[in-house]
Protein chains: 2
Amino acid sequence: MKEEILKLFRNSAGDYLSGESLSTELGISRTAIWKYINILKSDGYTFEASSKVGYKLISTPDILNHQEINPYLSTDYLGNEIFYYDSISSTNTKAKELAGDGLKEGTLVIAEEQTAGKGRLGRNWLSPKFKGIWMSVILRPDLNPIEASKVTLIGAAAVYKAMEDFNIKAHIKWPNDIVLDGKKVCGILTEMSAELNKIHYLIMGIGINVNIGHDEFNEELRQSATSLKLHTGRSVDRKRLTASILNNLEKLYNEFRISGTIESSVEICRNNSILIGRDIKIINRNEEVHAAAIDIDNDGHLIVKHADGTTESIFSGEVSVRGINGYV
Amino acid sequence: MKEEILKLFRNSAGDYLSGESLSTELGISRTAIWKYINILKSDGYTFEASSKVGYKLISTPDILNHQEINPYLSTDYLGNEIFYYDSISSTNTKAKELAGDGLKEGTLVIAEEQTAGKGRLGRNWLSPKFKGIWMSVILRPDLNPIEASKVTLIGAAAVYKAMEDFNIKAHIKWPNDIVLDGKKVCGILTEMSAELNKIHYLIMGIGINVNIGHDEFNEELRQSATSLKLHTGRSVDRKRLTASILNNLEKLYNEFRISGTIESSVEICRNNSILIGRDIKIINRNEEVHAAAIDIDNDGHLIVKHADGTTESIFSGEVSVRGINGYV
């Protein structure tokens, strides 16, 4: 009912709605309307009330629950079901639990804060409250585990496109980071449950530093991380950005579902790569190899050229750019 | 305490033990000894009691719990902790749950019966009560998911060696089945939780048809499956076989943990392969390719030769032999 009331206010384009018209439209009493308005107020919505003309919606809270994201969503299945948390240990951990319980492809876990946010290889991911987008999507691609990185590239391309919708020109650091000003602004953590040749489910965790301020990063993180706010000098609408990521993600993921190929995503990753044309370190456990990144092929592998002139196709692995200044 | 009492009886080599000596040895009253003996009787142990000389252990139940397997185990960590169930839906499912909770490498789940035993790709696995070995091991190899099949080969080699300890000459069907008389007698279901380039944990599910009789297989299964009992014409000791698998598995897995290589396991799989030297079908989703299996390389890949003379190295995938009669 809350969502229906909000929908009427949203469709009224900022006009007053009378208690009577709301009551008629929704088939509940004026007292019930009044009670729901009060609940919405305590949820963070503000209304102007006039005894003559009724209520006007003045502002909505900056939260990423279903009723706030849904107005901007144009997806068929991504985000149909959203598990929303004010605070959670890790959205990926919760999403794995839900996927194990059989929840459908497209189910989303979003939290305003992660108390134990995860990066790759067990690292921490800073996830301060209301300052970022911390979400995980359940996907069930019909893939061998060896091809899971394809889905990561689709995610990276979707985040890139969403930032482009906000006139923010980012770069993609194959296979799983988005970079601004040479610093990490978004990371994608892909986890899966699989047999040798079949993925049962895949969790795509997306963490974006949206409105994190300078002082919220510690000294060490400041060297390698940034936020959209630090880059643009202004706060960015988290709701619209979340919806834009999901809209782009569903479009690109559908290409893969239908054709089995990821060409559009690869093209985005290739054309906006921070690696291609640079010397990089390929770090994998105890090994570290230097090579030149020259391309991303249509299967999403990074093509590198070694010092001896041979080329190699890299599946995944920890790849970091050998740069003069810090992260890239 | 039950386990300690049984240990004393086992060490007594079939002799009588007086209530008094048991009481002294274990530091509990003779009444307590008498109560424990009764509990053990209800567990399926039989004793001969004589008022003059005490108790003698006559027989132990055919069950696969820790106290029955442990006397035959020579492992350091495999099976140190055993979660034993009279009946369970699936040992792999339980093992995944325990691994997610952080249980250590080597932890074992064993059930006398699986009510929803799993084969590969969501297939069923018949697991009648007390008639097989249905167990899952938690492993935590430091590996990329792409290399998970290496661990499957270690498992296949360990089961092969254990059967050899019983003078049963089986064959290995790369990468995950053991074959007798051209029929499947054991399957290994490897499942994992992973990031793109790191396995969090791996579950090795081992299902062995030990003492399943002719009539317990339905018509369809009888074409493709057999049991050790059907092959040898006699019942096989499930406890010793379970322990032998674990002893062999730890030895072969240790080679991999220490050196990172799986050469001993590959050698066993190569020398006793049912595929090498035959024409096979390589089935992977909608694709089916015919080729000749010619070798298994040191990384555990199956090397096949195509009709056009080119060779290919196969990671995993559903591989089935093109045979004239049934399964192989």
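Our structure's up above, just so we're on the same page.
It should be emphasised that the depicted structure is a prediction, and the values quoted were computed from it without experimental measurement.

Draft legend 1. Up close: the overall build of chain A. From N to C terminus, chain A includes 10 helices and 14 strands. Relative to the 2.2 N^0.38 estimate, which gives 20 Å for 328 residues, the radius of gyration of chain A is 22 Å and therefore close to what a compact globule would have. If one aligns the C-alpha atoms of chain A with their principal axes, the spans along those axes are about 80 × 40 × 30 Å. Sorting the 328 residues of chain A into buried and exposed places 52% on the buried side. In chain A, the proportion of contacts linking residues at least 24 apart, taken out of those at least 6 apart, comes to 62%. Carbon and sulfur atoms provide 46% of the accessible area of chain A, an area that totals close to 14300 Å². Of the side chains in chain A, 38 bear a positive and 43 a negative charge, and the two mean positions are spaced by 4 Å.

Draft legend 2. Highlighting the packing of helix α6 (residues 148-165) of chain A against helix α10 (residues 263-271) of chain A. All names here are of chain A. Two numbers describe how α6 lies on α10: the axes approach to 9 Å, and their chain directions differ by 65°. Here α6 runs over α10; the crossing is left-handed. Only S265, V266, I268 and C269 of α10 make contact with α6, whose side of the interface consists of L153, I154, A156, A157, Y160 and K161. Classifying every residue of the contact of α6 with α10 by side-chain character gives 8 nonpolar, 1 polar and 1 charged.

Draft legend 3. Region of interest: unusual backbone geometry. Residues and elements named next belong to chain A. W174 connects to P175 through a cis peptide bond whose omega is 0°. One non-glycine residue, F130, lies in the positive phi region at around 65°. Its place among the elements puts F130 in the loop between β4 (108-111) and β5 (132-139).

Draft legend 4. Expanded view of the relation of the copies chain B and chain A. Once turned by 180° and shifted 0.1 Å along the axis, chain B lies on chain A with an RMSD of 0.1 Å. The two molecules are tied by a two-fold rotation axis, judged by turn and shift. Closest approach to the rotation axis within chain B is made by the C-alpha atom of S193(B), at a distance of 2.3 Å. Take the interface residues of chain B: 97% of them recur as interface residues in chain A, which is what a same-surface contact looks like.

Draft legend 5. Representation of the interface of chain B and chain A in the model. Between chain B and chain A, the contact holds 30 residues from the first and 29 residues from the second. In this assembly, chain B packs against chain A so that about 2300 Å² is buried in total across both faces, 49% of it on carbon and sulfur atoms. On the surface where chain B and chain A come into contact, there are 0 salt bridges. Seen at the junction of chain B and chain A, the total is 8 residue pairs in polar contact (both at pLDDT 80 or more).

Draft legend 6. Focus on helix α6 (residues 148-165) of chain B. Residue and element names in this part refer to chain B. Along its 18 residues, α6 runs 27 Å from first to last C-alpha, staying within 8% of the 26 Å computed at 1.5 Å per residue. By the criterion of burial, α6 is predominantly enclosed, with 15 of the 18 residues buried. Backbone geometry just downstream of α6 places N167 in the positive-phi region, at approximately 60°.

Draft legend 7. Molecular detail of the pairing of strand β1 (residues 46-50) of chain A. Residue and element names in this part refer to chain A. Bridge count between β1 and strand β2 (residues 54-59): 5 bridges; the pairing is antiparallel. When the sheet's bridge partners are listed, A49 is paired in β2 with Y55. In sequence, β1 turns back onto β2 through a hairpin of 3 residues.

Draft legend 8. Here's a closer look at the nonpolar core. In this structure, M163(A), I208(A), L228(A), M163(B), I208(B) and L228(B) are the most contacted members of the largest nonpolar core, which totals 136 residues. Apart from residues no more than four positions distant in its own chain, L228(B) is found in contact with M163(B), I168(B), L180(B), V185(B), I208(B), N209(B), V210(B), G233(B), R234(B), V236(B) and L241(B). If you look at the next biggest cluster of nonpolar residues, it comprises 14 residues, including L6(B), L22(B), L26(B) and I37(B).

Here is what the cut-offs are and how they apply
- Residues numbered from 1 in each chain as written.
- Chains lettered and ligands numbered in written order.
- Predicted model: local features only at pLDDT ≥ 70, side-chain atom pairs only at ≥ 80, totals over all residues.
- Heavy atoms only, no water.
- Helix = DSSP H or I, 4+ residues; strand = E, 2+ residues; numbered from the N terminus.
- Rg over C-alpha atoms; globule rule 2.2 N^0.38 Å.
- Buried < 20%, exposed > 50% of the residue type's maximum accessible area, 1.4 Å probe, protein only.
- Contact = heavy atoms within 4.5 Å.
- Areas by Shrake-Rupley, 256 points an atom, 1.4 Å probe, with all protein chains shown as cover.
- Lys, Arg positive; Asp, Glu negative; His and termini not counted.
- Charge placed at Lys NZ, Arg CZ, Asp CG, Glu CD.
- Axes fitted to C-alpha atoms, helices over the stretch in contact; angles between N-to-C directions.
- Left-handed = near helix turned anticlockwise from the far one by under 90°.
- Nonpolar A, V, L, I, M, F, W, Y, C, P; charged D, E, K, R; others polar.
- Least-squares fit on C-alpha atoms with pLDDT ≥ 70 in both.
- Buried area = accessible area lost by both parts, 1.4 Å probe.
- Salt bridge = Lys/Arg side-chain N within 4 Å of Asp/Glu carboxyl O.
- Polar contact = N/O pair within 3.5 Å; in protein donor to acceptor, adjacent residues only side chain to side chain.
- Expected span 1.5 Å × (residues − 1).
- Pairing = 2+ DSSP bridges.
- Core = buried A, V, L, I, M, F, W, Y, C linked by side-chain atoms within 4.5 Å.

That's the geometry; what it means functionally is another story.
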